[in-house]
Amino acid sequence: MKVWAYVLVWNEELMLPYYLKHYSQFCDKIIIYDNMSTDSTCDIAREYGNQVEIIPFETNGEFNDYTHIELKRKSIQHAKGQADFIILTDCDEFVYHTDLKSFLSQNQNCSVFYPAGFQMASDDFPYDLPGQLYDYVQWGEPNPWYVKPMIVNLNLIDDLEWVEGAHELELSYDLGEFYHPVPKDIRPMGEYLGHQWGRWQKLFEILDDFNREPLKMLHYKFLGEKYVTDRYNQYMVKMSAKNHENSVGMHYQEAIDNGTVLDQINQIKAKAIRVSL
């Protein structure tokens, strides 16, 4: 069985070492879509030799959510016939299982996998630490918004399309059997209480079960006020006109304008649990 990982990056010299250290443990190949990084991102990637492939893509200096969605879709065709499963993430998203390849082998009837999502948080960014990031930052808030379609079984899936933000798939696709951390009758497919792409209300009712899930996604976004503020400011400089037009990604600017970055971190910490790994 072959597992490939795909990640979109731009100036990720701080997070990429942790990302590569994690995914290189079980991925046969890691494909990095690099949006013309100007820091040491590509140099870090090249340290992993043939295990990592860098594919540059140009967006004329803009952060374009719609280009990112299309790249996820193209990844399916890129890996088809070469890998059995692909993992599609951002650089700060760590899909975790103690033995992921065995888990996937035992669940080959599932077309798409939605790991139980956790919003991880810390007071400061953990610079240059040995070992895995989750060896140090282990507290996170169970968060249904981060129950995302992140692993695709290429033996069952030929095409998928993500919605804006890439937290869910277009409903026109029949996934058949898929893996999700909540009971089948309340999985986030179809409208529920006005939520078009997810029964988020009911998901909040079963968050206690997330920590018992063997397949998790650890989202390492809120690692200290300075780190988050710097990233938000970088995103806003690159935000495309189409993103502005459709109000996609505007929460970064709102947090900066309203001075709520630290509040966001503290709110997560207040609801955080020690994630079982």
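Below is a short write-up of the structure. Here the structure is a predicted model, which is why all the values come from computation and not from measurement.

Topic: the overall build of the protein chain
- For the protein chain, the count of helices and strands is 9 helices and 11 strands.
- Evaluated residue by residue, the protein chain yields a buried proportion of 55% over its 277 residues.
- Considering only residue pairs separated by 6 or more positions, the protein chain has 73% of its internal contacts joining residues 24 or more positions apart.
- Of the roughly 12,400 Å² that the protein chain leaves accessible, carbon and sulfur atoms contribute 45%.

Description of the sheet that holds strand S3 (residues 52–56)
- In spatial order, the strands read S3-S2-S1-S4-S9-S6; together these 6 strands make up an open sheet with mixed pairing. With partners counted over all chains shown, the strands left at the sheet margins are S3 and strand S6 (112–113), one partner each.
- Bridge count between S6 and strand S9 (residues 151–153): 2 bridges; the pairing is antiparallel. Residue pairing for S9: Phe-113 is matched across the bridge by Ile-151.

What to know about the sheet that holds strand S5 (residues 93–96)
- Read from one edge of the open sheet, 5 strands run S5-S10-S7-S8-S11, paired in mixed fashion. The open sheet has two edge strands with one neighbour each: S5 and strand S11 (273–274).
- With respect to the sheet, helix H9 (residues 261–271) is in contact with strand S7 (116–122), strand S8 (139–142), strand S10 (216–223) and S11, its orientation differing from that of S7 by roughly 120°.

What about H9?
- For H9, the set of buried residues is Val-261, Ile-265 and Ile-268. All buried residues of H9 project into a common sector of 65° when viewed along the axis, lining one side. Opposite the packed face of H9, turned more than 90 degrees from it, sit the exposed residues Gln-267, Ala-270 and Lys-271.

Observations regarding the pattern of salt bridges
- Per the counting criterion, the structure on display carries 11 salt bridges.
- For the salt bridge of Asp-159 with Arg-73, the shortest nitrogen-to-oxygen distance reads 2.8 Å. Placement of Asp-159 in the loop between S9 and helix H5 (200–204) and of Arg-73 in helix H3 (residues 65–79) is noted, with a sequence separation of 86 residues between them.
- Judged by relative accessible area, Asp-159 falls into the partly exposed class, the value being 27%.
- You can call Arg-73 partly exposed: its relative accessible area is 23%.
- Here Lys-269 and Asp-123 are joined by a salt bridge, their closest N and O atoms 2.3 Å apart. Separated by 146 residues along the polypeptide, Lys-269 in helix H9 and Asp-123 in the loop between S7 and S8 bring together distant segments of the chain.
- With relative accessibility at 52%, the residue Asp-123 sits in the exposed group.

Brief notes about the pairing of S5
- Residue alternation in S5 divides its side chains into two sets, Glu-93 and Val-95 and Phe-94 and Tyr-96, and both sets are buried.
- In the sheet, S5 pairs with S10 via 4 bridges, with the strands oriented antiparallel. The partner of Val-95 across the bridge, within S10, is Met-217.

What counts and what doesn't
- Residues numbered from 1 in each chain as written.
- Predicted model: local features only at pLDDT ≥ 70, side-chain atom pairs only at ≥ 80, totals over all residues.
- Heavy atoms only, no water.
- Helix = DSSP H or I, 4+ residues; strand = E, 2+ residues; numbered from the N terminus.
- Buried < 20%, exposed > 50% of the residue type's maximum accessible area, 1.4 Å probe, protein only.
- Contact = heavy atoms within 4.5 Å.
- Areas by Shrake-Rupley, 256 points an atom, 1.4 Å probe, with all protein chains shown as cover.
- Pairing = 2+ DSSP bridges.
- Axes fitted to C-alpha atoms, helices over the stretch in contact; angles between N-to-C directions.
- Arc of directions from axis to C-beta.
- Salt bridge = Lys/Arg side-chain N within 4 Å of Asp/Glu carboxyl O.

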